[in-house]
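Residue-level structure breakdown
Letter by letter, the chains look like this.
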Amino acid sequence: MNDPFLSDFLAAGVDADEVPELAALASARPLLDAFITLFRGTETEVLMRLLVLREIGREADAPRWAPEALRARFSYLDPVKLETVLKRLRENGLLAIGEDGHYALSDHGRNAVAAIAMLLRFGEEEDAELGFLTAQLAGLQAVGGITAESLGHLLSKLNDLTWHFEEAIASGSEFRILDARRRLSANGRWLERGTELLDKLLADPEVDFDIARIAQRIGLAQSRLARADASFQRALNKIEAQRVTLGASGISSSDVAAWLRGLDAAALATLAADACASVPELPLLAGGHELLDRAESLLEGGGSAAPADTTLPPADAAATGFAPQAEDLRMLEHFTHRLGALPAPQPLHHVIAGGGFAPASYRLSLLALLADGAETAPEGGPEDGPVSSFMRLPVEVEFGDTLTAVGEDEIGAMTLGEVRPRATTAA
């Protein structure tokens, strides 16, 4: 806390001892110095220090290294550069050297290597933070060292995930929603591990109040994340309802969007080269003097716009001499004549056949109309005309419930039925 440079960052009149937040960092100065040594300098220097320190700490059976063994182990490095790295690590307390001249990791060096190894392990997965924080809490719980600060880190990460998922849903982007859903699925096991930790933690009756309060908030955050999958599905269902299929190709608008996302900027620019039309600039048809005169007249109240004329134009006489096209009823009249001269009952397919499928279908619809009219109102229908004559035919039509094969006149099969003259009652 006696660092003279701290005063450059503190406000005027504030002493470092008056800031309790600095006390925990100041007490861990040796460990912080170890990380400062590792990560100070260029990226290449940092990589070389981490490489050497990790390889030295990886040997568990024989943790002490002779200088010759180190040079043989790092034969792919320049000898001068290797000595520089070893000297830097040794001078800053990351490496210890014994009386026999052998190298070994110091306590701070081993802690730094262990922390970095854990971070690199979780860095191979999609969400390194959640896995690392959950594993860290599991370790702290095993040794009875869980703190409110460590739980707060996990709560912050869960709230950040919730915000990310809500943003993906609000965006309406199918691809962002699918990415968020995959991220939620990848974090499923860490959420389950976190739930197990919370159950054990809250089951302890002597747990600290601050720890229990944050643990309950973590449980609520995990519940929101557990419901996020249903929200993803509802959003995807809405997108599915709006998806457009391009003809009968089987290609949807989502497929096109995914293909476009895979193109680079140059390819997209090539596709858009002929798709965007330039709009010519219209010339200004009024000069500055004309606009100024118009503005002055409006300000003086003499240029009020005249009311719009909303009266309708006079009516025009309807065109005369126009006769609507008469409906062609010749087929109906011919069919009426045939049915009127029907000598005996005939199968339905014999009566309607002739001329192909379209005329036969027309005759069948007429017979169905005749059958319906006979059941409801035999004398119904128009008073005169071809339709009236057809509806008053003394003919009965009966439709069956089975099909009969025809195989001619473009008719494969049709309903079995019969058309017969209506029996007349003797006087």
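Residues numbered from 1 in each chain as written. Predicted model: local features only at pLDDT ≥ 70, side-chain atom pairs only at ≥ 80, totals over all residues. Heavy atoms only, no water.

**Describing the overall build of the protein chain**
- Helices and strands together make up the secondary structure of the protein chain, namely 19 helices and five strands.
- Sorting the 427 residues of the protein chain into buried and exposed places 25% on the buried side.
- Residue pairs in contact within the protein chain that sit at least 24 positions apart in sequence constitute 59% of those at least 6 positions apart.
- Accessible surface for the protein chain amounts to roughly 28,900 Å². Of this, 57% is attributable to carbon and sulfur atoms. (Helix = DSSP H or I, 4+ residues; strand = E, 2+ residues; numbered from the N terminus. Buried < 20%, exposed > 50% of the residue type's maximum accessible area, 1.4 Å probe, protein only. Contact = heavy atoms within 4.5 Å. Areas by Shrake-Rupley, 256 points an atom, 1.4 Å probe, with all protein chains shown as cover.)

**Remarks on the pattern of salt bridges**
- Enumeration over the complete set of coordinates arrives at twelve salt bridges.
- With a closest N to O distance of 4.0 Å, Asp210 and Arg213 form a salt bridge. Here Arg213 and Asp210 lie together in helix H11 (residues 209-226), a separation of three residues that amounts to about one turn. (Salt bridge = Lys/Arg side-chain N within 4 Å of Asp/Glu carboxyl O.)

**What to know about H11**
- Compared with the 26 Å implied by 1.5 Å per residue over 18 residues, the 26 Å span of H11 between its first and last C-alpha is a close match.
- Buried within H11 we find Ile211, Ala212, Ile214, Ala215, Ile218, Ala221, Gln222 and Leu225. (Expected span 1.5 Å × (residues − 1).)

**A look at helix H3 (residues 43-58)**
- Given a rise of 1.5 Å per residue, 16 residues ought to cover 22 Å, and the 22 Å separating the end C-alpha atoms of H3 matches this to within 8%.
- Burial in H3 covers these residues: Val46, Arg49, Leu50, Val52, Leu53, Glu55 and Ile56.

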